[in-house]
Amino acid sequence: MLSDKVLDNLPHEIRRRIEPYVEAVQLMTATKNAKVLKSMAPSGVRGLILQRGKQGVPTKMPSNHEVYFDWTYPNDQPEMRELYTRAKEQQWNGDDLPWHIDVDPENPEKPIIPRHFMDYDALRGKGIKLTDLEERRLNSSVASWMLSQFLHGEQGALFAAAQVTEAVQFFDGKLYGATQVVDEGRHVEVFHRYLDSKMNKLYQINDNLFVIIDALIQDSRWDVKFLGMQIMVEGLALGAFGTLYQMTGEPMLKQLLKMVIQDEARHVHYGVIALRDHFRQELSDRERREREDWAFEVALLMRNRFLSFEVYEEWFEHKLTRKEWAQFVTDSPGFAIFRQVMFKRLVPNLREIGLLSDRIRPHYERAGLMQYADGASATQLSGDQMIAELDAA
Ligand SMILES: [Fe+2]
Ligand SMILES: [Fe+2]
């Protein structure tokens, strides 16, 4: 494999072309667990090497799960039935959001993300001097990039929720799942409408997000689909939505996020109750360990790999190397907060479903994520409480 030293000595143009492939190989070899690597590798090839999400054509993914029917219609899970009732009562219409509010993504008075989200001094240290207007434009690009990834994640959540509704064995879970499909459809609607009518910019799906969605949609095991989408992707998204909700100075987006967060709180709650008993009672130790390792690797992938390369390609491809950009993003104050806070919601849920055993805890400790281990899980926190907590902070 090409070392960083060899890369450093290549002409910029050649380096620029081969660097994404080197990164793909580095990512695969960084995945320590052989089983996880084996299960993710085909998705890795489709996402990172073939870049299937960026070809400008629809992507077709075969699904391999079993559809579970029950002709006796049991009331088999009271907590899920309660969530179903709450979900019906809390439905809302995306048209009712304050779309009349004029949004200028470059307006410094009402910034989508804070002025100092990125460390522009560090960029100047690399010889790149942006004007005030360019800095605001770059901030706007980064905000569009984040919202675009939320949108792509929501499309993944929409189809995963439909699959999980088919595959889950609890009948009350199927009824609840039907409401989640509606919720996710609405989230696709409002994020897309916001990007289209307010930001006027949509970025392609990040390769790493594509890899995770591709792996989940095609996995035949319902509980891995659940774990991946309802706990990992939705849990991290909930943390990210909450952070943006707190950071943004744009009132329309704040209202949109507030509504979405309340739905997502139910989704993660459902994921936790569906998996809690299954992991503790139904799986062998070996199977549980496998899921524990998978969750840890995916958590790291999601933390370390969302580096806005799509923004880099648009702005700095001829001025910085990908490695320099990755460092710049990693060190940026705004992204640093996101990377940490995203895990605030996830780690307590992993504990709740039994995937934070003494065996895996040192790994989370080394990754700096154990500080969240004693936090409230989704079963202990409603959407309203979550918003109240965000408003109070
Ligand atoms: Fe959603
Ligand atoms: Fe969701």
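Before reading further, recall that the structure is shown in the block above.
Described in the following lines is the structure provided in the data block.

Rules behind the numbers
Positions within a chain are numbered from 1, following the residues in the order the chain's sequence is written. Working convention: letters from A go to chains and numbers from 1 go to ligands, in the order in which they are written. Local features in this predicted model are restricted to residues of pLDDT 70 or higher, and side-chain atom pairs are both shown and tallied only at a pLDDT of 80 or more, whereas totals for entire chains, interfaces and linings draw on every residue. Processing note: side-chain calculations cover all non-hydrogen atoms of the structure and skip hydrogens and water entirely. For the purposes of this entry, the term helix denotes a DSSP run of H or I that reaches at least four residues, the term strand denotes a run of E that reaches at least two, and both are numbered from the N terminus. Any residue under 20% of the maximum accessible area for its type is buried, any over 50% is exposed, and the rest in between are partly exposed; the area is computed with a 1.4 Å probe on protein chains only. Note on contacts: a residue pair qualifies if any of its non-hydrogen atoms lie within 4.5 Å across the two residues. Under the convention used here, a 1.4 Å probe and the Shrake-Rupley method define accessible areas, while residue burial counts only the protein chains that appear. Positive: Lys, Arg. Negative: Asp, Glu. His and the chain ends are not part of the count. For charged residues, the charge sits on one atom: NZ in Lys, CZ in Arg, CG in Asp, CD in Glu. Listed donors are limited to N, O and S atoms within 2.8 Å of the metal, widened to 3.2 Å for Na, K and Ca; water is not among them, so incomplete-looking sites are possible. Site shape is set this way: if four donors have all angles between 85 and 135 degrees, tetrahedral; if opposite donors are over 155 degrees apart and all others between 65 and 115, square planar for four donors and octahedral for six; otherwise irregular. Each C-beta atom gives one direction from the helix axis, and the arc is the one those directions make. With axes taken as lines fitted to C-alpha atoms, and helix axes fitted only over the stretch in contact, angles between N-to-C directions fall between 0 and 180 degrees. Throughout this description, any angle smaller than 35 degrees is read as roughly parallel, any larger than 145 degrees as roughly antiparallel, any in the 65 to 115 degree range as roughly perpendicular, and the remainder as oblique. Take the far helix as your reference; a near helix turned counterclockwise from it by less than a right angle gives a left-handed crossing, and one turned clockwise gives a right-handed crossing. Ten residue types, Ala, Val, Leu, Ile, Met, Phe, Trp, Tyr, Cys and Pro, are classed as nonpolar, four, Asp, Glu, Lys and Arg, as charged, and the remainder, Gly among them, as polar. We call Phe, Tyr and Trp rings a pair once their centres come within 6.5 Å, taking the six-membered ring for Trp, and we label the pair stacked below 30 degrees between planes, edge-to-face above 60, and tilted otherwise. Geometrically, a lysine NZ or arginine CZ counts as sitting over a ring once it is within 6 Å of the ring centre and also within 35 degrees of the ring normal.

1. A closer look at the overall build of the protein chain
Stage number 1. Scanning the protein chain from N- to C-terminus turns up 16 helices and zero strands.
Stage number 2. Each of the three principal axes of the protein chain carries a C-alpha extent, and together these read 65 × 50 × 40 Å.
Stage number 3. Expressed as a percentage of the 393 residues in the protein chain, the buried residues total 55%.
Stage number 4. Long-range pairs, those at least 24 residues apart, make up 83% of the contacts in the protein chain between residues at least 6 apart in sequence.
Stage number 5. Of the roughly 17500 Å² of accessible surface on the protein chain, a fraction of 52% belongs to carbon and sulfur atoms.
Stage number 6. Taken as two groups, the 49 positive and 58 negative side-chain charges of the protein chain have centres that lie 4 Å from each other.

2. Here we look at the coordination of the iron ion (ligand 1)
Stage number 1. Around the iron ion (ligand 1), the donor atoms from the protein are E154 (OE), E184 (OE), H187 (ND1) and E264 (OE), and they sit 1.9 to 2.3 Å away.
Stage number 2. In this structure, the iron ion (ligand 1) is surrounded by four donor atoms whose angles at the metal cover 88 to 139°, and the resulting shape is irregular.
Stage number 3. Every donor residue of the iron ion (ligand 1) comes from the same chain, spaced as E-x29-E-x2-H-x76-E.
Stage number 4. The distance between the iron ion (ligand 1) and the iron ion (ligand 2) comes to 3.1 Å, and E184 binds to both of them. Here the residue E154 occupies a position in helix α6 (residues 132–167), and H187 occupies one in helix α7 (residues 171–199), the gap between them amounting to 33 residues.

3. Thoughts on the environment of M232
Stage number 1. Looking at the element boundaries, M232 is found in helix α9 (residues 222–247).
Stage number 2. Residue classification places M232 among the buried positions, given a relative accessible area of 0%.
Stage number 3. Counting along the chain gives 67 residues from M232 to A299, while the straight-line C-alpha distance between them is 7.2 Å.
Stage number 4. Discounting residues that sit within four places of it in the chain, M232 has contacts with L227, W294, A295, V298, A299, L346 and L350.

4. Here we look at the coordination of the iron ion (ligand 2)
Stage number 1. Protein-derived ligands of the iron ion (ligand 2) are E184 (OE), E234 (OE), E234 (OE), E264 (OE) and H267 (ND1), with the metal-ligand distances lying across 2.1 to 2.6 Å.
Stage number 2. Mapped onto the polypeptide sequence, the residues donating to the iron ion (ligand 2) form the spacing pattern E-x49-E-x29-E-x2-H.

5. Description of helix α13 (residues 322–331)
Stage number 1. Along α13, the positions that sit buried rather than exposed are R322, W325, A326, F328 and V329. All buried residues of α13 project into a common sector of 165° when viewed along the axis, lining one side.

6. A word on the packing of helix α3 (residues 34–49) against helix α8 (residues 207–218)
In a packed pair of helices, the relevant descriptors are the angle between the two axes and the axis-to-axis distance.
Stage number 1. The geometry of α3 relative to α8 is characterised by a closest axis approach of 8 Å and an angle of 135° between their N-to-C directions. One element, α3, and the other, α8, form an angle in the oblique class. Considering how the two elements wind past one another, α3 and α8 form a crossing that is right-handed. Contact residues: M40, S43, G44, R46, G47 and L48 in α3; D207, N208, F210, V211, I212, D214, A215 and Q218 in α8.
Stage number 2. Split into classes, the residues belonging to the contact of α3 with α8 amount to six nonpolar, five polar and three charged.

7. Remarks on the side chain of S141
Stage number 1. Examined against the element boundaries, S141 turns out to sit in helix α6.
Stage number 2. With near-sequence residues (within four places) excluded, S141 lies in contact with K201, Y203, V311, E314 and W315.

8. Things to note about the packing of aromatic side chains
Any aromatic ring pair is given by two values, namely how distant the centres are and how the planes are angled relative to each other.
Stage number 1. Enumeration according to the criterion identifies 17 aromatic pairs in this entry.
Stage number 2. Ring plane angle 85° and centroid distance 4.7 Å describe the contact between F150 and F241, whose orientation is recorded as edge-to-face. A residue pair is termed long-range when its members are at least 10 positions apart, and F150 in helix α6 and F241 in helix α9 qualify at 91 residues. Side by side, F150 and F241 carry an identical accessibility label, which is buried.
Stage number 3. Taken together, the aromatic side chains of F309, Y312, W315, F316, W325 and F328 make up a single cluster linked through ring pairs.
Stage number 4. The aromatic ring of W92 is capped on one face by R186, whose charged end is 4.5 Å from the ring centroid.
Stage number 5. The cationic tip of R322 hangs over the ring face of F309; the distance from NZ or CZ to the ring centre is 3.9 Å.

Fair warning: the whole summary comes from geometry, so function is off the table for now.
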